[in-house]
Amino acid sequence: MIVTEQKAFTEVNESLVGHQKIFVIGCGSCATAWHTGGEAEVKEMVEKLQGAGKTCIGWAISEETCDERKTRRELRAHSSELAEAEGVLVMSCGAGVQTTALVLEDKPVYPALNAMFLARLQRLTRADERCLLCGECILASTGGLCPVTLCPKELLNGPCGGYNHGMCEVNPDRECAWVSIYHRLQRIGQLDRLHLIQSPKDQSKRGHPRLVDKGAA
Ligand code: SF4
Ligand code: SF4
């Protein structure tokens, strides 16, 4: 899941300066699960905008705002309101905001959220970062725990010299990633995998912007 946070309303309102008629679109996927841009939050935003003197001429939820086909379909169903809209506020991650901007070629589009990280959802109110999308997954050698993400130094071959009684020197309230990996490998009978030397990451795989095209679908 992509974890997002809502921007302060003052920032959102300032970004809409010069626009009176606003359309709001939320995301039915991550932002709904994380309660930052689902139906309840979209309705709350509509009320706030109206309280600030704006006219909300409509709102919608795309099943997944980052999916261009779904967002295009959802927005097509609101074409008459959108024709009137002076600005569109998107309550999703940055991928969803940009997808909306590309679908609505001639409309100004604004973000209501900050996208933060790719996470495991532990419970409805708690999520922790789990993957930096490095493009070369090494979880097979590390017991399914990611040192690239869990170690602040992104060390690939065991801990640094600074770990203290099993805790991380950078984040002393967290277990060292490599201690966690060691315990995990021990539990699943794969300690021998600690001897595999990981090559340095091919940083070109993290170069931006990345594109994958699997051909006609
Ligand atoms: S190694 Fe870590 S950062 Fe890279 S793809 Fe796997 S989980 Fe993601
Ligand atoms: S103590 Fe462990 S998790 Fe922290 S920086 Fe060093 S190797 Fe990484």
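Residues numbered from 1 in each chain as written. Chains lettered and ligands numbered in written order. Predicted model: local features only at pLDDT ≥ 70, side-chain atom pairs only at ≥ 80, totals over all residues. Heavy atoms only, no water.

A. Region of the structure containing the overall build of the protein. A count of helices and strands for the protein gives eight helices and seven strands. For the protein, the C-alpha radius of gyration of 22 Å lies well beyond 17 Å, the compact-globule estimate for 217 residues. Taking the principal axes of the C-alpha coordinates as reference, the protein spans close to 65 × 45 × 25 Å. Across the 217 residues of the protein, 38% fall into the buried class. Long-range contacts, defined here as pairs at least 24 residues apart, represent 60% of the contacts in the protein between residues at least 6 apart. Accessible surface, the protein as shown: approximately 12600 Å² in total, 52% of it carbon and sulfur. Positive and negative side-chain charges in the protein, numbering 25 and 27 respectively, have mean positions lying 6 Å apart. (Helix = DSSP H or I, 4+ residues; strand = E, 2+ residues; numbered from the N terminus. Rg over C-alpha atoms; globule rule 2.2 N^0.38 Å. Buried < 20%, exposed > 50% of the residue type's maximum accessible area, 1.4 Å probe, protein only. Contact = heavy atoms within 4.5 Å. Areas by Shrake-Rupley, 256 points an atom, 1.4 Å probe, with all protein chains shown as cover. Lys, Arg positive; Asp, Glu negative; His and termini not counted. Charge placed at Lys NZ, Arg CZ, Asp CG, Glu CD.)

B. Quick look at the pattern of salt bridges. A complete count under the given rule lists 13 salt bridges for this structure. Residue Asp128 pairs with Arg120 through a salt bridge whose shortest N-O separation is 2.8 Å. Taking the shortest distance from any N to any O, the salt bridge between Lys205 and Glu136 comes out at 3.9 Å. Separated by 69 residues along the polypeptide, Lys205 in the segment after α8 (177–187) and Glu136 in the loop between β7 (126–129) and α7 (147–150) bring together distant segments of the chain. Exposure remark for Glu136: the relative accessible area of 24% places this residue in the partly exposed category. (Salt bridge = Lys/Arg side-chain N within 4 Å of Asp/Glu carboxyl O.)

C. Here's a closer look at the sheet that holds strand β6 (residues 113–123). The three strands are arranged β1-β6-β7 in an open sheet whose pairing can be described as antiparallel. Each end of this open sheet is capped by a strand with a single partner; those strands are β1 (2–6) and β7. On average, each strand axis in the sheet is tilted by 65° relative to the strand beside it, whichever way the strands run. Relative to β7, β6 is paired through four bridges, and the arrangement is antiparallel. Each residue of the ladder has a partner; that of Arg123, found in β7, is Arg126. (Pairing = 2+ DSSP bridges. Axes fitted to C-alpha atoms, helices over the stretch in contact; angles between N-to-C directions.)

D. Expanded view of the packing of helix α4 (residues 68–76) against helix α6 (residues 94–103). With their axes 10 Å apart at the nearest point, α4 and α6 run at an angle of 55° to one another. Between α4 and α6, the angle falls in the class oblique. In this structure, α4 crosses over α6, and the sense of that crossing is right-handed. Residues Glu68, Thr71, Arg72 and Leu75 of α4 lie in contact with α6, whose contacting residues are Thr99, Thr100 and Val103. (Parallel < 35°, antiparallel > 145°, perpendicular 65-115°, else oblique. Left-handed = near helix turned anticlockwise from the far one by under 90°.)

E. Seen up close, the site of ligand 2. Taken together, Cys151, Pro152, Lys153, Leu155, Pro159, Cys160, Tyr163, Cys168, Glu169, Val170, Cys176 and Ala177 are the residues near ligand 2. Per-class residue counts for the shell around ligand 2 are ten nonpolar, no polar and two charged. (Near = heavy atom within 4 Å. Nonpolar A, V, L, I, M, F, W, Y, C, P; charged D, E, K, R; others polar.)

F. The domain arrangement of the protein, seen in detail. Domain assignment breaks the protein into domain 1 (2–117) and domain 2 (133–203). If you average the C-alpha positions of domain 1 and of domain 2, the two centres end up 38 Å apart. (Domains from an automatic or database assignment.)

G. Representation of the nonpolar core in the model. In this structure, Val24, Met45, Leu49, Leu89, Met91 and Ala112 are the most contacted members of the largest nonpolar core, which totals 16 residues. Counting only elements with at least two residues in this core, the list comes to β2 (21–27), α3 (39–51) and β4 (87–91). Broken down by element, this core gets its largest block of residues, four residues, from α3. When neighbours within four sequence positions are excluded, Leu89 is seen to be in contact with Val12, Ile22, Phe23, Val24, Ile25, Met45, Leu49, Tyr110, Pro111 and Ala112. By size, the runner-up hydrophobic cluster in this structure holds 13 residues, among which are Phe23, Ile25, Val97 and Leu104. (Core = buried A, V, L, I, M, F, W, Y, C linked by side-chain atoms within 4.5 Å.)

H. Just the environment of Gly207, in detail. By the element assignment, Gly207 lies in the segment after α8. Separated by 193 residues in sequence, Gly207 and Glu14 have C-alpha atoms that sit 33 Å apart.

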